[in-house]
Amino acid sequence: MKKKSGSLGNVLKKDMKRYWQAYLMVLPVVVFYLLFSYKPMYGILIAFKDYSPAAGVWGSPWVGRHGMQNFIDFFGSYYFRRILKNTVVLSLSSLVFGFPAPIILALLLNEVKNERFKRVTQTISYLPHFISLVVICGMIKMFVANTGIITQFLGLFGFQPTNLLGKSQYFPAIYVLSNIWAGMGWDSILYLSALSGIDQDLYESARIDGAGRWQQTIHVTLPGISATIIIMLLMRLGSLMNVGYEKIILLYNEGIYETADVISTFVYRYGLLNGQWGYSVAVGLFNSVINFIIILFFNRLSRKLADVSLW
Amino acid sequence: MKKRNLFDLLNTLFMLFIIFIMLYPFYHVVMASFSDPARISYYTGILLWPLKPYTTEAYRVVFANPLILSGYRNTLFVLIVGTGLNLIMTMLGAYFLTLKGPLFKNAITFMIIFTMYFSGGLVPAYLNVRDLGLYNSLWALIVPGVIGTTNLIILRTAFAGVPESLVDSAMLDGASHPQILFRIIAPLSKATLAVMVIYYGVGHWNSWFGASIYLQNSKLFPLQLVVRNFLQEAGSQSDMASYAEMIKYAMIVVSTAPVLVIYPFFQKYFTKGVMVGAIKG
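Residues numbered from 1 in each chain as written. Chains lettered and ligands numbered in written order. Predicted model: local features only at pLDDT ≥ 70, side-chain atom pairs only at ≥ 80, totals over all residues. Heavy atoms only, no water.

Our next topic: the environment of F266(A). Residues and elements named next belong to chain A. Mapped onto the elements, F266 comes out in helix 14 (residues 263–273). For F266, a relative accessible area of 1% puts it in the buried group. Discounting chain neighbours no more than four positions away, the residues touching F266 are F74, Y79, I83, D261, Y279 and V283. (Helix = DSSP H or I, 4+ residues; strand = E, 2+ residues; numbered from the N terminus. Buried < 20%, exposed > 50% of the residue type's maximum accessible area, 1.4 Å probe, protein only. Contact = heavy atoms within 4.5 Å.)

Of the pockets and cavities examined, the second largest pocket occupies roughly 1,100 Å³. I150(A), L177(A), W181(A), F17(B) and I21(B) are the residues nearest the centre of the second largest pocket, which is lined by 33 residues in total. Those elements giving two or more residues to the lining of the second largest pocket turn out to be helix 5 (100–111), helix 7 (133–143), helix 8 (149–155) and helix 9 (171–196) of chain A together with helix 1 (2–33) of chain B. (1 Å grid on protein atoms, 1.4 Å probe; cavity = no way out; pocket = protein on both sides within 12 Å on 5 of 7 lines; lining within 4 Å. Points joined across faces, edges and corners; volume = space filled by probe spheres on them.)

A side chain of one charge can pair with a side chain of the opposite charge if their charged atoms are brought near each other. Counted by the stated rule, this structure contains eight salt bridges over all chains. Note that D8(B) is salt-bridged to R213(A), the shortest N-O span being 2.9 Å. With one member in each of two chains, D8(B) in helix 1 and R213(A) in helix 11 (residues 213–238) form a pair that bridges those chains. Given a relative accessible area of 23%, D8(B) falls into the partly exposed group. Among the residues examined, R213(A) registers a relative accessible area of 16% and is labelled buried. What you see here is one network of salt bridges that share partners, running through R82(A), E258(A), D261(A) and R269(A). (Salt bridge = Lys/Arg side-chain N within 4 Å of Asp/Glu carboxyl O.)

All names here are of chain A. Per the domain assignment, the segments making up chain A are domain 1 (12–59) and domain 2 (69–306). Just the C-alpha atoms count here: the centres of domain 1 and domain 2 sit 34 Å apart. The contact between domain 1 and domain 2 buries some 550 Å² in all, and 78% of this surface belongs to carbon and sulfur atoms. Put simply, domain 1 and domain 2 have zero salt bridges between them. (Domains from an automatic or database assignment. Buried area = accessible area lost by both parts, 1.4 Å probe.)

Shown next, in the form of structure tokens:
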């Protein structure tokens, strides 16, 4: 007991002696995280400041009386409701329509008897995952312009051809459908491998019991991949309020902000294009805090339900 | 039995439909890029073949553009140097997280994992890069993202799968930590490292946003940003515009072709990659 501080020193010394190489190896990693993850977190203080780059984060004066002026401005503004609503709408509709798509694709691929055909289809379905967003969005814009192939196809059903990205009511559909198109194949990989892990004897006994193909799907296949489905669902829910800016920036235009502008694109415009540092950091912080709470919640839930977590 | 055959038929048709919607957009763009510009801008159907008279004029224009060539060069630099650094840094981090003994292991692990839950956000990250003097430098596209935390966790999982007995016996033979990482663990994790190369490499090839906020000098622009700036320009219905439309098609082809060419060679690693990512860290 008397030698407590001495023994702590000894423990440290022993640790360093034994692992100095390992610490030296991890040093650049630690420096990276400090410089590029934790230093920006310190930059969050800007949200409470009237920031000027010359004065720096610390030197800039607090904004308003309590430093909360940026938040007061944001919550009181017309845009608060709009970008919150758009974020929720785009995220939820991506989830509702997008989440089942890879599961259905995997189930149907699983029914394909010809192995070669199955593999080829699968490989082709991943392709959009590897194409740049710039190109994908460029193609979307061409295809939904008034002479674009998608617009013209809709015209066959009596739809008046117009530039679909010029009308705010179509943006959510374009966003969600193109997400499904680009992500469906890649996301199905996980379910396919879960499917291949199902014990074939279960199918055998189901057949002996007289179960048809559809009944086998309901009673054997779906229960067999339900754990994977739950895990993926919880992970998706964890990023519910996290709608990325890259794709939207590439697709939207001023005319459709009404449905296309989300929190992250708003932050991008106000912060990086207009230079309203404090205000945009405040909006970004609002989003980060919500994300943090949501992801923590669903991570807990997932650990409880499926014994799986992000960490 | 009849019902079964009908299902198989419909299912096959559905798969053909999937193949069609995945491939046709790219096919359409390639065909359009060789078509007659005057006709293509008014053409509204499915393109099975370029519209006559065929032309390669759009490609001449694209390759005569100095920004395309410098774009390729910049992208290649970021791709090669960036992926190399990504790989080394991610390996160093992943290796440390597999060690059991170090006192600060838990603290460092927490420090890394926490960043998956919370970040400073876009604007502080941007100001940080400026403060560090990386603005208007290609290093701004490499250094701030040199470790992807998800990738680090994936790699850690793979490293942890290397039999402990191998590591222990190397330790007894007096191997140092760098030797254990680079001589024993890394060679046994080749497949996952290949997946890392694909993930980071594709990421570099496709990225444009960082360049759009960190670079001012257009000679430094990577390919995707050059393409983006061209595609961004809205077309009107003049002759010049239909020409510009052609160039857009050709640009898409030129910037996507390399991915399509190497795609078949890499695809065997894809499934493995997702699987590795799915396993709990």
